Amino acid sequence: MNKENLKSHPWDFYSKLILISFSFLQILRWRIFPQFVDIYYHTLTAWGFIEAGGYSSWDFWQYAPLGRPHIYPPFFHIILSALLKLGIDKIFIAKFFETIVPILFLVTLWYFMKKNYSGRLSFFILVMAASSFSFYISLSNNIPATLAVILGFFVFHYLFRKKFLRALLLLALCFYTHIGVSWFFAFSVLLFGLLNRQYRKLSLLVCLSAIILSAPILIKQFYGLKLISLSGINEKYFCEFKPVDYLLALSGLIMAFMMKEKYFLFPGLFFASFIFLFYPYRFFSAQGYLPIACLCALSLDLIYERLKNNECLKSLAFVLAAFIMLISPTILMYKPNEADKLNYRLYFFDSALVNIVLPAYHQRIASAGLWFPNEYLPISKLIRENCEKGDIIYSRFHILGVCLSAISGRATANGLFSEMGIPSKFDPLSASKMVVAFQGEDRQWLKDALDKHNLIEVGENKYFILYKNPSVQAKVDIKKATVPFWAIWLIGFTFVLLFLSGR
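Residues numbered from 1 in each chain as written. Predicted model: local features only at pLDDT ≥ 70, side-chain atom pairs only at ≥ 80, totals over all residues. Heavy atoms only, no water.

J.: Got a sec to walk through helix 21 (residues 443-453)? Specific residues and values, please.
T.: Among all positions in helix 21, only Trp445, Leu446, Ala449 and His453 are buried. Taken end-on, helix 21 shows its buried residues confined to a sector of 95 degrees, consistent with a single buried face. Tucked into the core, helix 21 has its buried residues touching strand 7 (392-395), helix 20 (428-431), strand 9 (434-438) and strand 11 (464-468). One or two residues past the end of helix 21 sits Asn454, with phi positive at roughly 55 degrees. (Buried < 20%, exposed > 50% of the residue type's maximum accessible area, 1.4 Å probe, protein only. Helix = DSSP H or I, 4+ residues; strand = E, 2+ residues; numbered from the N terminus. Arc of directions from axis to C-beta. Contact = heavy atoms within 4.5 Å.)

Pasting the structure below:
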């Protein structure tokens, strides 16, 4: 065993300790999952695919019976569809993915840095991943985005080895996984090539070829642009900024330009992340934080390298790492209600590690859960008992309507992924067989709805009241699949064969 391997062992040990700790904490969080609303949208979309018989380019399962164009990349929904078709419980599936995906991300990050840089840098990148609570929570909240990030790192893994076909296929798969993250990595590949002459031609070929392979979904998204608007996204009012991390990242950015070859990946990721700037939450608090974490890790790594021969000073990198994993100050921007002014807070001891171990220590919207099994499951059962499979449900609150729709296996007149609008207005109450109201619902709205539609109460629990609209005849308009499942499995089989044979 050579000296370099001996020296790398302590860093591997420290890294594995972090990985094991976060894996254990994720398993402990199983009972609160599914925590975020996105997974309900994804499971409902997978249900829609099953009803259609494959990938559908029309979202008939939301805003039913009208529907809207469906432009969300289908890869994750196809995985979910396959699992649902196998008869696996949808709540188990949701819990499983929210538990396992952050672990897969951390393992990928560690593996990529260890194989392409060093065991020491891989340790520091895990330290940085434990810094931002909002970033860590986004790993489970935005599962397709996280899967696309995992794919993106493997794009570079094979790009560094000049394996054109594998890098190309994985970047194309990014485009079929998440809209924003795919372009983030495509621009990262281009910028990396511009900064590094050795990889310039290959990077350009990988990027252009991936875009050509992704043309079907990109054309669909292009034609849907007229219905897209970011004005109603409230997440932009809930951003978190890590001042110490950004200072370290600035240092790392300067150092990266002084280095050569593969280290130009880090500036490439940083400048590519500005595509998230129009969506501030993602830029500061979610996927846009990833380049900051990478640059910080590089900065810590180089600090240790410069000081490692000085017994007193070399511990500075460890002191900074401990500071980031524990004290980790955060500037939080939030807006309690639509009419309120923006508020700001400064939190200390606000790392991902601290907030997961002590979830009530700093309450914020990212800490809140949406899973109330004692209320959701009985009301979903009542929905299934009081309406047929083709009937539609509705709530004044889109999140609630989609959650109960996903669990009960019914289309909804509500809709998430609000960036995508609908072609025309319609009255959701007039089309919905079942109406779900909160116990604290606006009394005037509820009275008007009861009087106009002769709603009949069929059940209630601690949080919800369920009404039936007896006069409704509308049904969900199921559209035939644009790409049937048999074609999807054939494409997937071909992809795997090409990947395995790729060089």
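J.: Hey, could you go over the nonpolar core for me, with residue numbers and the actual values?
T.: Counting residues in hydrophobic clusters, the biggest one holds 152 residues, and the most contacted among them are Tyr40, Phe105, Phe124, Phe156, Leu290 and Tyr376. When residues in this core are grouped by element, the largest group, 13 residues, is from helix 7 (residues 143-160). In this structure Phe105 touches Phe135, Leu139, Thr146, Val149, Ile150, Phe153 and Leu290, once residues within four positions along its chain are discounted. Cys239, Tyr281, Ala286 and Met333 belong to the second-largest nonpolar core, a separate cluster that totals 5 residues. (Core = buried A, V, L, I, M, F, W, Y, C linked by side-chain atoms within 4.5 Å.)

J.: Explain the pairing of strand 11 to me, and be specific about the residues and the numbers.
T.: Counted residue by residue, strand 11 has 4 buried out of 5 residues, so it is predominantly covered. Sheet topology places strand 9 next to strand 11; 5 bridges connect them, and they run antiparallel. Looking at strand 11, one finds that Met434 is bridged to Lys468. Between strand 10 (residues 456-460) and the antiparallel strand that follows it, strand 11, lie 3 residues. (Pairing = 2+ DSSP bridges.)

J.: Describe the sheet that holds strand 10, with residues and values.
T.: Taken in spatial order, the 5 strands make up an open sheet running 8-7-9-11-10, and their pairing is mixed. Each of the sheet's edge strands pairs with one partner strand only, and the pair in question is strand 8 (411-412) and strand 10. Of the pairings in the sheet, the one linking strand 7 to strand 8 comprises 2 bridges and is parallel in character. Looking at the pairing, Ile392 lines up with Ala411 of strand 8. Taken strand by strand, helix 18 (residues 373-386) contacts strand 7, strand 9, strand 10 and strand 11, and its axis lies near 5 degrees from that of strand 11. (Axes fitted to C-alpha atoms, helices over the stretch in contact; angles between N-to-C directions.)

J.: Describe the sheet that holds strand 6 (residues 343-347), naming the residues involved and giving the relevant values.
T.: Where strands meet in a sheet, backbone hydrogen bonds hold them as pairs that are either parallel or antiparallel. In spatial order, the strands read 4-5-6; together these 3 strands make up an open sheet with antiparallel pairing. Unpaired on one side and paired on the other, strand 4 (239-241) and strand 6 mark the two borders of the sheet. In this sheet, adjacent strand axes meet at a mean angle of 20 degrees when their direction is disregarded. As paired strands, strand 5 (residues 330-334) and strand 6 are joined by 5 bridges and run antiparallel to one another. Looking at strand 6, one finds that Tyr334 is bridged to Asn343.

J.: If you had to explain the state of the cysteines to someone new, which residues and values would you point to?
T.: Scanning the entire structure with this criterion turns up 0 disulfides. Here Cys207 is not disulfide-linked; the sulfur of Cys174 is the nearest cysteine sulfur, at 11 Å. Taking the relative accessible area as the measure of exposure, Cys207 reaches 3% and is therefore buried. Left unpaired, Cys294 is separated from the closest cysteine sulfur, that of Cys296, by 9.3 Å. (Disulfide = S-S within 2.5 Å.)

J.: I'd love a proper account of the environment of Glu441, names of residues and values included.
T.: Note on placement: Glu441 falls in the loop between strand 9 and helix 21. When the C-alpha atoms of Glu441 and Glu385 are compared, they prove to be 24 Å apart, with 56 residues separating the residues in sequence. Apart from the residues within four sequence positions on either side, Glu441 is in contact with Arg396, Phe397 and Leu446. Within the structure, Glu441 has its side chain in polar contact with the side chain of Arg396 (distance 2.8 Å). (Polar contact = N/O pair within 3.5 Å; in protein donor to acceptor, adjacent residues only side chain to side chain.)

J.: How would you summarise the packing of helix 12 (residues 243-257) against helix 15 (residues 290-307) if you had to cite specific residues and measurements?
T.: The N-to-C vectors of helix 12 and helix 15 enclose an angle of 70 degrees; their axes lie 7 Å apart at closest approach. It follows that helix 12 is roughly perpendicular to helix 15 by the angle criterion. Facing helix 12, whose interface residues are Asp245, Tyr246, Leu248, Ala249, Ser251, Gly252, Leu253, Met255 and Ala256, helix 15 presents Ile292, Leu295, Cys296, Leu298, Ser299, Leu300, Leu302 and Ile303. Partitioned by chemical class, the residues of the contact of helix 12 with helix 15 number 13 nonpolar, 3 polar and 1 charged. (Parallel < 35°, antiparallel > 145°, perpendicular 65-115°, else oblique. Nonpolar A, V, L, I, M, F, W, Y, C, P; charged D, E, K, R; others polar.)

J.: Can you tell me about the pairing of strand 7, naming the residues and giving the values?
T.: Taking every second residue as pointing to the same face, both faces of strand 7 are buried, with Ile392 and Tyr394 on one and Ile393 and Ser395 on the other. For the crossover from strand 7 across helix 19 (residues 398-408) to strand 8, the handedness is right-handed. (Right-handed = clockwise from strand over helix to strand, strands pointing away.)

J.: Lay out a nonpolar patch on the surface in plain terms, naming residues and giving numbers.
T.: A cluster of nonpolar residues, Leu326, Ile331, Leu342, Tyr344, Leu346, Phe348, Phe349, Val357, Leu358 and Tyr361, forms a patch on the protein surface that exposes about 960 Å² of accessible area. Among the secondary structure elements, Phe349 is positioned in the loop between strand 6 and helix 17 (352-357). (Patch = residues over 30% accessible without salt bridge, like charges linked within 9 Å, V, L, I, M, F, W, Y side chains within 5 Å. Areas by Shrake-Rupley, 256 points an atom, 1.4 Å probe, with all protein chains shown as cover. Salt bridge = Lys/Arg side-chain N within 4 Å of Asp/Glu carboxyl O.)

J.: Which residues make up the pattern of salt bridges, and what values go with them?
T.: This structure, assessed with the given rule, holds 12 salt bridges. Glu51 is paired through a salt bridge with Lys389; the nearest N and O atoms lie 3.2 Å apart. One end of the pair, Glu51, is in helix 2 (residues 38-52); the other, Lys389, is in the loop between helix 18 and strand 7, and 338 residues separate them in sequence. You can call Glu51 partly exposed: its relative accessible area is 24%. Accessibility expressed as a relative area gives 48% for Lys389, which makes it partly exposed. The salt bridge involving Lys452 is made with Asp427; its shortest N-O contact spans 4.0 Å. With Lys452 in helix 21 and Asp427 in the loop between strand 8 and helix 20, the pair connects residues that are 25 residues apart, well separated along the chain.

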